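Breakdown of the fold
If you want the building blocks of each chain, they are given just below.
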Amino acid sequence: MVLTGTPGQVPLLLQSPENGLFSRILFYRLTGENESFSEELSAANDITGEMINDYMLSLGEEVRRFYLRIVRVGGITFRFSEAQHERFLAHFHDITIVYKDLVSNAYEHIAAVDHIDSVMRRLGNICYRMMMILSVSRLMDVPEDEPLPTEVECDEYDFHRVIMLSELLFHHTLIHYDELMVAMGVVSEVDDEVDIDEESEDSMNELQRNLFAGLPKRFTTQLAIQTAKQFGISARSTARYLVFYCELGILKCLHKGLYEKDTQSVTGNITANSKE
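Figured I'd write up the structure that's included with this text. (Residues numbered from 1 in each chain as written. Predicted model: local features only at pLDDT ≥ 70, side-chain atom pairs only at ≥ 80, totals over all residues. Heavy atoms only, no water.)

1. Observations concerning the overall build of the protein
Defined as follows: Strands are runs of DSSP state E lasting at least two residues, helices are runs of H or I lasting at least four, and both sets are numbered from the N terminus onward. The cut-offs for exposure are 20% and 50% of the maximum accessible area for each residue type, with area from a 1.4 Å probe on protein chains only; residues under the lower value are buried, those over the upper are exposed, and the others partly exposed. Residues are treated as being in contact if the distance between any of their heavy atoms lies within 4.5 Å. To be clear on the numbers: accessible area is Shrake-Rupley with a 1.4 Å probe, and residue cover counts the displayed protein chains and nothing else.
A count of helices and strands for the protein gives 10 helices and 5 strands. The burial tally for the protein puts 37% of its 276 residues in the buried class. Taking as baseline every contact in the protein between residues at least 6 positions apart, the subset at least 24 positions apart corresponds to 76%. When the accessible surface of the protein is totalled, it reaches about 16,400 Å², and 53% of it is carbon and sulfur.

2. Comments concerning helix H7 (residues 206–214)
The cut-off we apply is this: The directions from the helix axis to the C-beta atoms are what the arc is built from. By the criterion applied in these results, polar contacts are pairs of N or O atoms within 3.5 Å in which, for protein atoms, one can donate a hydrogen and the other can accept it, and in which residues neighboring in sequence qualify only through two side-chain atoms.
By the burial criterion, the buried members of H7 are Gln-208, Leu-211 and Phe-212. Seen from one end, H7 has its buried residues packed into an arc of 100°, which puts them on one side. Seen from the buried face of H7, the exposed residues on the opposite side, beyond 90 degrees, are Glu-206 and Ala-213. The residue sitting at the N-terminus of H7 and contributing the capping side-chain oxygen is Asn-205; that oxygen lies 3.1 Å from the backbone nitrogen of Leu-207.

3. Quick notes on the side chain of Thr-227
In this fold, Thr-227 is placed in helix H8 (residues 221–229). Residues within four places of Thr-227 in sequence aside, it is in contact with Leu-211, Gly-214 and Leu-215.

4. Brief notes about the sheet that holds strand S4 (residues 251–255)
For clarity, the threshold we go by: By this definition, two strands are paired if DSSP reports at least two bridges between them. Working convention: axes come from line fits to C-alpha atoms, limited for helices to the stretch in contact. Angles between N-to-C directions cover 0 to 180 degrees.
Reading across from one edge, S3-S5-S4 is the order of the 3 strands in this open sheet, with antiparallel pairing throughout. Of all strands in the sheet, those with a lone pairing partner are strand S3 (218–220) and S4, marking the two edges. Averaged over all pairs of adjacent strands, the angle between their axes in this sheet comes to 30°, without regard to strand direction. As judged from the 3 bridges shared by S3 and strand S5 (residues 258–261), these two strands associate in the antiparallel manner. From the neighbouring strand, Arg-218 faces S5, where its bridge partner is Glu-260. Along the sheet, H8 contacts S3 and S5; its crossing angle with S3, the most-contacted strand, is approximately 90°.

5. A look at the packing of H8 against helix H9 (residues 235–248)
Test applied: For any helix crossing, the convention is left-handed if the near helix is rotated counterclockwise from the far helix by under a right angle, and right-handed if that rotation is clockwise.
Direction vectors running N to C along H8 and H9 enclose 115°, while the axes themselves pass 9 Å from each other. Note that H8 runs across H9; the crossing there is right-handed. Between H8 and H9, the residues in contact are Ala-224, Ile-225 and Ala-228 and Ala-235, Thr-238 and Leu-242, respectively.

6. Some points on the state of the cysteines
Note the threshold: Any two cysteine sulfur atoms within 2.5 Å of one another count as a disulfide.
All chains considered together, the criterion is met by 0 disulfides. A disulfide-free cysteine, Cys-246 has its sulfur positioned 6.0 Å from the sulfur of Cys-253, the nearest such atom. A relative accessible area of 13% means that Cys-246 is categorised as buried.

7. Some details on the environment of Pro-216
Within the fold, Pro-216 resides in the loop between H7 and S3. For Pro-216, a relative accessible area of 34% puts it in the partly exposed group. For the pair formed by Pro-216 and Tyr-259, sequence separation is 43 residues and the distance between their alpha carbons is 9.7 Å. Those residues within four positions of Pro-216 in sequence are excluded, and the remaining contacts are Leu-223 and Lys-261.

8. Focus on the environment of His-85
Secondary-structure assignment places His-85 in helix H4 (residues 82–106). With a relative accessible area of 43%, His-85 lands in the partly exposed category. Sequence separation between His-85 and Cys-154 is 69 residues; the distance between their C-alpha atoms is 10.0 Å.

9. A look at the side chain of Thr-173
The residue Thr-173 is located in helix H6 (residues 156–183) in this model. The residues touching Thr-173, leaving out its near neighbours within four places in the chain, are Phe-22, Phe-27 and Val-119.

10. So, the environment of Val-243
Of note, Val-243 is situated in helix H9. Each C-alpha atom, one on Val-243 and one on Asp-94, is 6.3 Å from the other, the two residues being 149 residues apart in sequence. Other than its neighbours up to four places away in sequence, Val-243 contacts Asp-94, Ile-95, Val-98, Tyr-99 and Glu-167.

11. What to know about H9
How we decide: Here the expected length of a helix is defined as 1.5 Å per residue gap, with one fewer gap than residues.
The terminal C-alpha atoms of H9 lie 20 Å apart, and with 14 residues this matches the ideal 20 Å at 1.5 Å per residue to within 8%. Summarising burial for H9: 13 of the 14 residues are buried, a large majority. Positioned one or two residues after H9, Gly-249 has a phi angle of 90°, which is positive.

12. Focus: the packing of aromatic side chains
Here is the rule we go by: Side-chain rings of Phe, Tyr and Trp (the six-membered ring for Trp) are treated as a pair once their centres are within 6.5 Å; stacked means planes under 30 degrees apart, edge-to-face means over 60, and tilted covers the remaining angles. We call a charge positioned over a ring when the NZ of a Lys or the CZ of an Arg lies within 6 Å of the ring centre and within 35 degrees of the ring normal.
Throughout the structure, instances matching the rule amount to 11 aromatic pairs. Look at Phe-212 and Tyr-245: their rings are 4.9 Å apart centre to centre, the planes differ by 70°, and that puts the pair in the edge-to-face class. Linking Phe-212 in helix H7 with Tyr-245 in helix H9, this pair joins segments that are 33 residues apart in sequence. This pair shows no difference in class: Phe-212 is buried, exactly as Tyr-245 is. Here a set of aromatic residues connected by ring pairs shows up, and it is made of Phe-78, Phe-80, Phe-88, Phe-92, Tyr-128 and Phe-159. Directly above the ring of Phe-212 sits Lys-261, whose terminal nitrogen or CZ lies 4.5 Å from the centroid.

Dropping the structure here:
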């Protein structure tokens, strides 16, 4: 199910993150004006409801035939490679530690940390299913006169894209969580601006390099947030950057709220990124 609306409608729908519904929703928030998006919508006005209905019926029939093919082979087992399994667990472990620490600094009640933990657990489960659906759906290209395999390993391209998407989706979730806390009266206002920037998969932009260079060899999450403010970076984006540094291999999370730069990896990664 896809729901669209305005940010102000979210508190009316959810009211509280404690009923479990909040952690079951994937949020994506569009900000500002996008002329190209408007142009695409204008072009879409030529598409009639009948055309959309015919397309959806055709797509539904294609999916139904694919499902019956899966049933005929007794189902398909989806698996990670050993390396993907380790990376998946490491990614959600790192992102959970960073954001739980961020939330514990922002809200002085234990429930907030529990809420974020629930969101992250369900997000991990949803992302696993997204990888499974994307990888298995590639088998739709197998000719219908050929049997489908009974096992499929996660496609590496799908794995990377969903991992990148997971962090963006969680960032959007935090935006709505903050606003929900304001609506509930837990806090009077949200300190951070809604700053959603684009990140590449394996290289740092200038702002990320400057922040990393401005941090000492060993630092806490709070120090990272204070340092980031000098560069105009919000606390939420700082948390995302810390996860990004960890995944690049230039930063290690020693334990909750404490980080150390990996001196063996820093020079090579920053030099390589600077040349790109």
